[in-house]
Amino acid sequence: MGKTLLSTHGLKAFYGDAQALFGIDFHLDEGEVVAIIGANGAGKSTLLKSLTGLVAVPAPAVCLHGQPIGGLPPGEIVRRGLAMVPEGRRLFPSLSVEENLRMGALAGRQGPWTLERLFQMFPILKEKRRNPSGALSGGQQQMVAIGRALMSNPQILLCDELSLGLAPIVIREIYAALPTFTAEGLTVVVVEQDVSLAQQVSQRVVCLQEGVVSLEGRSNALTREQISEAYFGLS
Ligand code: ATP
């Protein structure tokens, strides 16, 4: 595994007076796939939003290559190489597949990910490139959301609940693309509700519980008991 790309240091996050994260120390090494798991409301989305500037945090609480990036505007964070696939996809439904994909390149960087490269990976998107994205199936829309994030040519891809509302066969198809991303040098974070899927697709699992890290370890070494305890707080 490579050197540390991204790190958080005692990261706290608030929505007004309500605190959602209570001092998270997290790191991401070059080339790895990390899965973040945890029950509803544990703070998984808030952690991703803190990394990408969607939730304001103090500058030194998030570092990229050792440089503080906490609280920078989201567009600046995209230019520095972080891209997010948001929960619920958030496409522009009346715009075509191709227009949604091109949107991702606007704020981004140069790199291997182009429309043609994405169409190779997800051929169905080439077929439907002129269709409104809102007319696609849920799985196809998720491919567009992933493609839009890749079009900014990130170093780090942050995926929030890719599997939400999708059929198991579609979920497998989408996760099957992850090795292609890492082969291109990407580092990937997936937030995933399905714990065994999270373990299968990642090298490392981080479990959050009520805004703190309750467990962290190699995906293939963690036992069901350890995870249940960290997930639900059972003891
Ligand atoms: P889920 O699986 O339901 O998406 P999560 O682990 O991603 O859960 P978060 O969405 O990060 O959890 O929520 C963490 C805490 O912050 C919860 O207590 C939630 O109620 C609160 N929270 C999240 N978004 C907001 C918001 N916009 N305003 C106020 N509180 C919020």
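This text goes with the structure placed above it.
In this text the structure is predicted, and so the values were computed from the model without any measurement.

S.K.: What's the story with the overall build of the protein chain in this structure? I'm lost.
M.R.: Within the protein chain one finds ten helices and ten strands. Over its C-alpha trace the protein chain gives a radius of gyration of 17 Å, about what one expects of a compact globule, namely 18 Å for 235 residues. Counting only C-alpha atoms and orienting by the principal axes, one finds that the protein chain spans roughly 50 × 35 × 35 Å. For the protein chain, buried positions account for 50% of its 235 residues. Sequence-distant contacts in the protein chain: of pairs separated by 6 or more residues, those separated by 24 or more amount to 68%. Approximately 10600 Å² of the protein chain is accessible, and the part contributed by carbon and sulfur atoms is 52%. Treating the 20 positive side-chain charges of the protein chain as one cloud and the 21 negative ones as another, the clouds have centres 7 Å apart.

S.K.: Just checking my understanding: could you explain the site of the ligand for this structure?
M.R.: The local shell around the ligand holds 13 residues, among which Gly 41, Gly 43, Lys 44, Ser 45 and Thr 46 are the closest. Here an oxygen atom of the ligand sits 3.2 Å away from a polar atom, N or O, in the side chain of Asn 40. A distance of 2.8 Å is found between an oxygen atom of the ligand and a side-chain nitrogen or oxygen belonging to Lys 44. With the chains in place, 58% of the 630 Å² that the ligand exposes on its own is no longer accessible. By residue class, the composition of the shell around the ligand is four nonpolar, six polar and three charged.

S.K.: Would you mind going over the packing of aromatic side chains with me for this structure?
M.R.: Aromatic ring pairs are defined here through the distance separating the ring centres and the angle between the ring planes. If you walk through the whole model with that rule in mind, you get two aromatic pairs. Between Trp 113 and Phe 181, the ring centres sit 5.9 Å apart and the planes meet at 85 degrees, which makes this aromatic pair edge-to-face. Here Trp 113 is found in the loop between helix H3 (97–106) and helix H4 (115–121), whereas its partner Phe 181 is found in helix H8 (residues 178–183), with 68 residues between them in sequence. Of the two residues, Trp 113 and Phe 181, neither departs from the other in class, the shared state being buried.

S.K.: It is not clear to me how the pattern of salt bridges should be interpreted in this structure. Could you clarify?
M.R.: Oppositely charged side chains can pair when the atoms bearing their charge come close. Tallied over the entire structure, the rule returns ten salt bridges. In this structure, Glu 98 engages Arg 102 in a salt bridge whose closest nitrogen and oxygen atoms are separated by 2.9 Å. Taken together, the residues span about one helical turn, with Glu 98 and Arg 102 both in helix H3 at a distance of four residues. The shortest N-O distance in the salt bridge between Glu 98 and Arg 130 comes to 3.8 Å. Residue Glu 98 is located in helix H3, and its partner Arg 130 is located in the loop between helix H5 (123–127) and helix H6 (138–150); the two are separated by 32 residues in the primary sequence. With a relative accessible area of 66%, Arg 130 lands in the exposed category. Where salt bridges share partners, they join Glu 98, Arg 102, Arg 129 and Arg 130 into one cluster.

S.K.: Would you mind showing me how to read the sheet that holds strand E10 (residues 212–218) here?
M.R.: Where strands meet in a sheet, backbone hydrogen bonds hold them as pairs that are either parallel or antiparallel. The six strands are arranged E6-E7-E8-E3-E9-E10 in an open sheet whose pairing can be described as mixed. Strands with a single pairing partner mark the edges of an open sheet, and in this sheet they are strand E6 (82–85) and E10. Ignoring strand direction, the axes of neighbouring strands in this sheet form an average angle of 15 degrees. Note that E6 and strand E7 (residues 156–160) share four bridges and pair parallel. The partner of Met 84 across the bridge, within E7, is Leu 158. Against the sheet, helix H1 (residues 44–51) touches strand E3 (33–37), E6, E7, strand E8 (187–191) and strand E9 (204–209), its axis set at about 150 degrees to E7. Seen against the sheet, H6 touches E6 and E7 and runs at an angle of roughly 170 degrees to E6.

S.K.: I'm lost on H6 in this one. Help?
M.R.: Because an α-helix packs 3.6 residues into every turn, residues spaced three or four apart end up facing the same way. Look at H6: 18 Å from first C-alpha to last across 13 residues, which is about the 18 Å you get at 1.5 Å a residue. With twelve of 13 residues buried, H6 is to be regarded as a mostly interior element. Along H6, the positions that sit buried rather than exposed are Gly 139, Gln 140, Gln 141, Gln 142, Met 143, Val 144, Ala 145, Ile 146, Gly 147, Arg 148, Ala 149 and Leu 150.

S.K.: Could you clarify how one ought to interpret the sheet that holds strand E5 (residues 67–68) in this entry?
M.R.: Strands sit in the order E2-E1-E4-E5 across an open sheet of four strands; the sheet is antiparallel. Both edges of this open sheet fall to strand E2 (18–29) and E5, since each of them pairs with a single strand only. Sheet topology note: the strand E1 (residues 4–15)/strand E4 (residues 62–64) ladder contains three bridges and is antiparallel. Counted as the bridge partner of Leu 6 is Leu 64 from E4. Against the sheet, H1 engages E1, E2 and E4, with an angle of about 115 degrees to E1.

Definitions and cut-offs
- Residues numbered from 1 in each chain as written.
- Predicted model: local features only at pLDDT ≥ 70, side-chain atom pairs only at ≥ 80, totals over all residues.
- Heavy atoms only, no water.
- Helix = DSSP H or I, 4+ residues; strand = E, 2+ residues; numbered from the N terminus.
- Rg over C-alpha atoms; globule rule 2.2 N^0.38 Å.
- Buried < 20%, exposed > 50% of the residue type's maximum accessible area, 1.4 Å probe, protein only.
- Contact = heavy atoms within 4.5 Å.
- Areas by Shrake-Rupley, 256 points an atom, 1.4 Å probe, with all protein chains shown as cover.
- Lys, Arg positive; Asp, Glu negative; His and termini not counted.
- Charge placed at Lys NZ, Arg CZ, Asp CG, Glu CD.
- Near = heavy atom within 4 Å.
- Polar contact = N/O pair within 3.5 Å; in protein donor to acceptor, adjacent residues only side chain to side chain.
- Nonpolar A, V, L, I, M, F, W, Y, C, P; charged D, E, K, R; others polar.
- Phe/Tyr/Trp six-rings, centres within 6.5 Å; stacked < 30°, edge-to-face > 60°.
- Salt bridge = Lys/Arg side-chain N within 4 Å of Asp/Glu carboxyl O.
- Pairing = 2+ DSSP bridges.
- Axes fitted to C-alpha atoms, helices over the stretch in contact; angles between N-to-C directions.
- Expected span 1.5 Å × (residues − 1).

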